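Structural characterization, general
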Amino acid sequence: MFDLRNRTALPAQAGIGLRHPHLPEFLAAPQPAAWLEIHSENYLAPGGPRLGALERLRGDYPLSCHGVGLSLGSAAGLDAAHLARLRYLYDRLEPEAISEHLAWSTAPDGTFLADLLPLPYTDEALAIAAANIERAQQALGRRLLVENPSTYLRFQQADWDEAGFLSELVRCTGCGLLLDVNNLYVSAVNHGSDPQAVLNALPLTAVGEIHIAGHARVATSWGELLIDDHGSPVAGPVWALLAATLRLTGPCPVLMEWDTNIPELPVLLAEAERAEGYLREITGASG
Amino acid sequence: MHLAELQTRMQRMLLSGGGPDPALLALLADTPEQHERRLAVYRNNVRHALLSVLEAAFPVVEQLVGVECFTATALTFIAEHPPHRPVLYAYGVDFPGFLTEFQPLVELPWLADVARLEWARNEALFAAEAEPLAPDQLASIPADKLAGLQLQLHPATQLLESSWPVHAIWAAHQPGGGPLEAVDLQQAETVMVWRQAGTVRQRLLTPGEFALLAACVKQSPLAEAVEAAIQQEPAFDLRIVLARWLNEDVLERPIMTLLTSQTCGGSSP
């Protein structure tokens, strides 16, 4: 019924993003998380207790490594030293999946802007992103999952919509898709699109992992702007979109992310458990 | 406009906070009255991400000058010295030097050295792993080889020499620390920061300890290093100091082959 060829080795269950405040609880006792995801850039230092903790936990949980700094959309290409650092980390950890974002963070002069900045969806940007993804997959020795971004502005110049752009990247590079359902919803609202229509246009057979998270809502002179701050429980419409997504993709690893106002671990695990409920519905329906 | 130019213009607009860039704004979709609000999300994200890194690395500097002043100072630093690597544990290495030159804070001449101490703690936290030197390893070195021995500091061990009481100022800003008013601001200090069992620690060094460790950093043989220590501190006792350092894990175990060859050399006829 579902095309599972593109699945990663992660279990089709709900995992959580591992954040520093929760490390002591994970080290003290096993926690009911089916798998973990880290931000790769938080573990690129030569040593120290955080890296030590991750290496201890790695044996007990399936792991996804989520890069936030490679800057796949950089016109100036990728940073060879950063690729080498990531390769070293990934060879040590042997994660079940690795991912990056469809965005740019490094300017042509090498300045790192520490945010996921939007690309114009032009043929030029497509060629650049495709070349960067191919180089990254080669240098890292692994297939990348590329995540759809939250965006707050769009460019007039556009040869593609975002779903078409991602479909082309998947087709040209063989990369997979990390479908962030919250990002999809945030961007759709911010640009006045229909989330379900965007979902239907994405290359869903390439989805290897799904993200969910909370967002903030701010009032503006023209209406509401949604901010992808990962600072609250998942919003109702995003849960509904997750359910719709899983009906289309079938069982898939789902990750709960929480990065600002990080709550106690049980709160985070409860959100993951709720996602697990949606996964059980799908498994029940297909089995 | 090519992507490279778009990214350069957007970088300028996000970091410098200068006036609007008409060429960039002309590329944006949506109506002009929405542009500033939408761009502001990205500007806030960039500033907040980098500001958080500096706040985490320099918490005592932030307490000393207050949140508002720290934020303004850090934002000036971020605009003038943005990161050039996508690895933020290393961002902030230039902040102490920036504070030395930053005119609005010249009346706090010890502030930059407090920042250096906090950066040393950051370095110690993320330094490479290495086996600490153990007492039996040191004991296995034959007596006639000791004078030429080069002690190695553990990669996490950092030394700091300051004209100001940076350790006392730092300690006054920890939970349960004494009042800052009790600190004698005329007191120069030498401090060691190191990592033990995953925890960053720091303490004052005696003049002899500092001289010996500084000599070790310069790869001086032990005999010369001890001479330097005694010059600074006539009562310096190597055995007591070494025992303390071994207990604290501040030295690194030498490379095995070196130790083995020394041991073999000592036992051969």
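Residues numbered from 1 in each chain as written. Chains lettered and ligands numbered in written order. Predicted model: local features only at pLDDT ≥ 70, side-chain atom pairs only at ≥ 80, totals over all residues.

Residue and element names in this part refer to chain B. Contact pair helix α1 (residues 3-16) / helix α3 (residues 32-57): the axes reach a minimum separation of 9 Å and the direction vectors enclose 65°. On the basis of their axis angle, the class for α1 and α3 is roughly perpendicular. Classified by chirality, the crossing of α3 by α1 is right-handed. On α3, the residues that touch Met13, Leu14 and Leu15 of α1 are Leu39, Tyr42, Arg43 and Val46. In terms of residue class, the contact of α1 with α3 is built from 6 nonpolar, no polar and 1 charged. (Axes fitted to C-alpha atoms, helices over the stretch in contact; angles between N-to-C directions. Helix = DSSP H or I, 4+ residues; strand = E, 2+ residues; numbered from the N terminus. Parallel < 35°, antiparallel > 145°, perpendicular 65-115°, else oblique. Left-handed = near helix turned anticlockwise from the far one by under 90°. Contact = placed C-beta atoms within 7 Å. Nonpolar A, V, L, I, M, F, W, Y, C, P; charged D, E, K, R; others polar.)

All right, on to the interface of chain B and chain A then. It is common to give the size of an interface as the accessible area that goes away when the parts come together. Contacts between the two partners involve 38 residues from chain B and, on the opposite side, 41 residues from chain A. Mapped onto the side of chain B that touches chain A, the elements with two or more residues apiece are α1, α3 and α7 (111-126) of chain B. With 11 residues, the top contributor of residues to the side of chain B that touches chain A is α3(B). Class assignment for the residues of the side of chain B that touches chain A results in 24 nonpolar, 8 polar and 6 charged.

If you check the domain split of chain B, you get domain 1 (1-108) and domain 2 (129-269). Here domain 1 of chain B and domain 2 of chain B have C-alpha centroids that lie 39 Å from each other. (Domains from an automatic or database assignment.)

A separate point is the sheet that holds strand β4 (residues 97-101) of chain A. All names here are of chain A. Read once around its circumference, the closed barrel built from 8 strands follows the order β1-β2-β3-β4-β7-β8-β9-β12, with strand pairing classed as parallel. Across the sheet, the mean angle from the axis of one strand to that of its neighbour is 30°, orientation sign disregarded. Where strand β8 (residues 176-180) and strand β9 (residues 207-213) come together, 4 bridges link them in parallel fashion. Following the sheet pairing, Leu179 is matched in β9 by Ile210. Helix α6 (residues 181-190) contacts β8 and β9 of the sheet and is inclined by roughly 65° relative to β9. (Pairing = 2+ DSSP bridges.)

Let us look at the sheet that holds strand β2 (residues 158-162) of chain B. Residues and elements named next belong to chain B. Pairing within the open sheet is antiparallel, and its 3 strands lie in the order β2-β3-β4. Each edge of the sheet is formed by a strand with only one pairing partner; in this case those strands are β2 and β4 (199-204). Sheet twist, expressed as the mean angle between neighbouring strand axes with direction ignored, is 20°. Bridge count for strand β3 (residues 189-196) against β4 is 6 bridges, and the pairing is antiparallel. Counted as the bridge partner of Arg195 is Val200 from β4.

Residue and element names in this part refer to chain A. Most of strand β6 (residues 112-117) is tucked away, with 6 of its 6 residues classed as buried. Note that strand β5 (residues 104-106) and β6 share 2 bridges and pair antiparallel. When the sheet's bridge partners are listed, Trp104 is paired in β6 with Leu117. Counting the residues in the hairpin turn of β5 and β6 gives 5 residues, including Gly110, whose phi is positive at 95°. (Buried ≥ 20, exposed ≤ 12 C-beta atoms within 10 Å, placed from the backbone.)

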